[in-house]
Amino acid sequence: MKTQSLHKRKSNLAQSNKQLEILSYGIFQNGELPTFKDKISETNQFPLKAKKLEILQINVGYMCNQVCEHCHVDAGPDRQEIMTRETMLQCLNVIKSTGAHTLDLTGGAPEMNPNFRWFVEEAAKAGIKDFIVRSNLTIIRANKKYHDLPEFFKKHNVHIVSSMPHWTRGKTDKQRGDGVFDKSIQALKDLNAIGYGMPNSSLKLDLVYNPSGAFLPGNQAAMEKDFKKALLEDFGIQFHNLFAITNLPISRFLDYLIASDNYEDYMYQLVDAYNPSAVSNVMCTNTLSVSWDGYLFDCDFNQMLALPVNSKVKHISEYNEALLENRNIVISQHCYGCTAGAGSSCQGTVA
Ligand code: SF4
Ligand code: SF4
């Protein structure tokens with residue numbers, strides 16, 4: 001398992017234009033596979049249009065205590081990109097005025113941003129219905145200064161969404177690093193102890209599953225059942241929902257696909273599993289993603305590919321809901337990851 005980001009390793013794939021070249025050329029250029037644009041055109045769904053904003057997703061920085069094998073952010077301890085308080089203030093102005101029902105803080109490990117707690121306290125005052133923090137769990141156990149995070153989350157009624165690739169140590173540690181499983185289990189126990197994830201509790205705790213190799217996730221409901229049974233029987237742990245997310249062929253997962261000689265096979269799988277009924281609900285249609293430096297993207301994946309929104313409004317400081325609504329979504333072949341099978345989004349299946 002690599003311990004540095006693609007950026008730190010100065011890998012070619014750290015550059016978004018190199019990733020986009022791979023996704024545009026080869027099997028998509030020679031016509032072996034249809035481009036995403038051609039595919040959605042078959043059912044008159046091009047251009048894909050943004051609807052009313054429902055979810056504001058803010059990436060507060062790419063720094064993370066982990067270096068997971070398939071991270072689409074290319075996050076890690078060596079990443080320096082961190083949202084400043086000034087940009088957070090600009091985000092807060094939007095959070096207070098937007099009609100979005102969900103605020104979703106992500107990273108990296110968002111908790112590593114030095115202004116994270118202040119930002120959560122201020123954002124919670126806006127009273128947005130669903131306030132999500134994507135916590136990788138291990139951060140809670142990484143250092144004493146984070147041990148009180150469960151209580152902090154509880155105080156602000158934060159909804160926790162955490163990655164947990166498997167209920168076994170071997171599969172989890174293979175994807176996320178040695179020791180991640182044990183720390184995650186301890187963090188889940190800490191969260192359960194104060195009410196998170198318990199039946200009928202309003203303290204929401206959801207887990208995210210993503211496949212450990214070049215294959216698509218199985219049925220979300222069946223997997224949720226298996227996860228619940230195993231975590232309860234083995235560790236006494238409970239949680240609410242499991243979101244099954246497809247790995248998109250970008251960043252470190254693209255690097256993995258190429259290094260393991262699985263890239264073309266994986267793209268064939270995604271195109272074969274294309275589900276036209278998932279297209280109208282892909283998350284970019286109701287979500288806006290804000291980068292650590294305040295720029296706007298249709299989704300976190302487009303953010304990582306440096307594909308900004310197709311709008312006059314480019315930055316959170318000039319946010320204008322009317323101008324952003326109905327914009328054309330920027331697409332490429334990575335979008336097949338959102339429309340395969342039952343579809344995939346940050347909140348699991350969409351179809
Ligand atoms: S915990 Fe999340 S952000 Fe951090 S490296 Fe793993 S996948 Fe990336
Ligand atoms: S990758 Fe982003 S832009 Fe493409 S379909 Fe998925 S959510 Fe939409």
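These figures come from a predicted structure and were not determined experimentally. (Residues numbered from 1 in each chain as written. Chains lettered and ligands numbered in written order. Predicted model: local features only at pLDDT ≥ 70, side-chain atom pairs only at ≥ 80, totals over all residues. Heavy atoms only, no water.)

## As for the overall build of the chain
Then comes step 1: Helix and strand counts for the chain come out as 14 helices and eight strands.
Then comes step 2: Over its C-alpha trace the chain gives a radius of gyration of 19 Å, about what one expects of a compact globule, namely 20 Å for 351 residues.
Then comes step 3: Along the first, second and third principal axes, the C-alpha set of the chain runs to 55 × 45 × 40 Å.
Then comes step 4: The buried share among the 351 residues of the chain stands at 58%.
Then comes step 5: Only carbon and sulfur atoms are counted for the fraction: they give 49% of the accessible area of the chain, which is about 14,500 Å². (Helix = DSSP H or I, 4+ residues; strand = E, 2+ residues; numbered from the N terminus. Rg over C-alpha atoms; globule rule 2.2 N^0.38 Å. Buried < 20%, exposed > 50% of the residue type's maximum accessible area, 1.4 Å probe, protein only. Areas by Shrake-Rupley, 256 points an atom, 1.4 Å probe, with all protein chains shown as cover.)

## Brief notes about the sheet that holds strand β6 (residues 242-244)
Then comes step 1: One open sheet accounts for eight strands, arranged β6-β5-β4-β3-β2-β1-β7-β8; its pairing is mixed. Two strands in the sheet have a free side with no partner beyond their single neighbour: β6 and β8 (296-297).
Then comes step 2: Pairing analysis gives three bridges linking strand β3 (residues 130-134) to strand β4 (residues 159-163), with the strands arranged parallel. Counterpart to R134 in the pairing with β4 is V161.
Then comes step 3: Together, β1 (55-59), β2 (102-106) and β7 (287-290) form the strand contacts of helix α3 (residues 85-97), whose direction differs from that of β1 by roughly 170°. (Pairing = 2+ DSSP bridges. Contact = heavy atoms within 4.5 Å. Axes fitted to C-alpha atoms, helices over the stretch in contact; angles between N-to-C directions.)

## Some points on helix α7 (residues 169-176)
Then comes step 1: Along α7, the positions that sit buried rather than exposed are T172, D173, Q175 and R176. Projected onto a plane normal to the axis of α7, the buried residues spread over an arc of 165° and lie on a single side. The exposed residues of α7 that point more than 90 degrees off its buried face are G170 and K174.
Then comes step 2: On the buried face of α7, the contacting elements are β4 and α8 (180-193).
Then comes step 3: Of the residues one or two after α7, G177 is the one with positive phi, at around 115°. (Arc of directions from axis to C-beta.)

## Describing α8
Then comes step 1: Helix length check: α8, at 14 residues, gives a terminal C-alpha distance of 20 Å against a target of 20 Å (1.5 Å per residue), a fit within 8%.
Then comes step 2: Buried-residue contacts for α8 involve α5 (138-142), α6 (149-155), β4, α7, β5 (205-209) and α9 (220-235). (Expected span 1.5 Å × (residues − 1).)

## Describing unusual backbone geometry
What is expected of a backbone is that most residues other than glycine have negative phi and most peptide bonds are trans.
Then comes step 1: For the bond from F46 to P47, the omega torsion is -5°, close enough to zero to count as cis.
Then comes step 2: The linkage connecting G107 with the following residue, G108, adopts the cis geometry, with an omega of 25°.
Then comes step 3: Even without glycine at this site, N44 takes up a positive phi of about 55°.
Then comes step 4: Of note, N44 is situated in the loop between α2 (36-41) and β1.
Then comes step 5: N44 sits in the exposed class, given a relative accessible area of 72%.

## Section: the side chain of Q175
Then comes step 1: With respect to the helices and strands, Q175 occurs in helix α7.
Then comes step 2: Here P211 takes part through its backbone oxygen, which lies 3.4 Å from a polar atom of the side chain of Q175. (Polar contact = N/O pair within 3.5 Å; in protein donor to acceptor, adjacent residues only side chain to side chain.)

## Regarding the environment of R169
Then comes step 1: Mapped onto the secondary structure, R169 falls in helix α7.
Then comes step 2: Overall, the relative accessible area of 44% leaves R169 in the partly exposed class.
Then comes step 3: With 10 residues separating them along the chain, R169 and G179 place their C-alpha atoms 8.3 Å apart.
Then comes step 4: When neighbours within four sequence positions are excluded, R169 is seen to be in contact with F181 and D182.

## A short note on the UniProt feature "domain: Radical SAM core" (unreviewed entry) in the chain
Then comes step 1: Mapped onto the present numbering, the UniProt feature "domain: Radical SAM core" (unreviewed entry) falls on residues 58-196.
Then comes step 2: For the annotated span residues 58-196, helix accounts for 40% and strand for 12% of the residues, and the straight-line distance between the end C-alpha atoms is 23 Å. (UniProt positions renumbered as here; feature names shortened; annotations may be inferred.)

## Digging into the packing of α3 against helix α4 (residues 116-124)
Then comes step 1: For the pair α3 and α4, the least separation of the axes is 10 Å and the interaxial angle reads 15°. In terms of orientation, α3 lies roughly parallel with respect to α4. For the pair α3 and α4, the sense of crossing is right-handed. Residues R85, M88, L89, C91, L92 and I95 of α3 lie in contact with α4, whose contacting residues are W118, F119, E122 and A123.
Then comes step 2: For the contact of α3 with α4, the residue count by class is eight nonpolar, no polar and two charged. (Parallel < 35°, antiparallel > 145°, perpendicular 65-115°, else oblique. Left-handed = near helix turned anticlockwise from the far one by under 90°. Nonpolar A, V, L, I, M, F, W, Y, C, P; charged D, E, K, R; others polar.)

## Focus: the side chain of S332
Then comes step 1: Its location among the elements puts S332 in the segment after α14 (321-324).
Then comes step 2: On the basis of relative accessible area, S332 is assigned to the buried category, the value being 9%.
Then comes step 3: Once residues lying within four places of it in the same chain are set aside, the contact partners of S332 are L20, L23 and F36.

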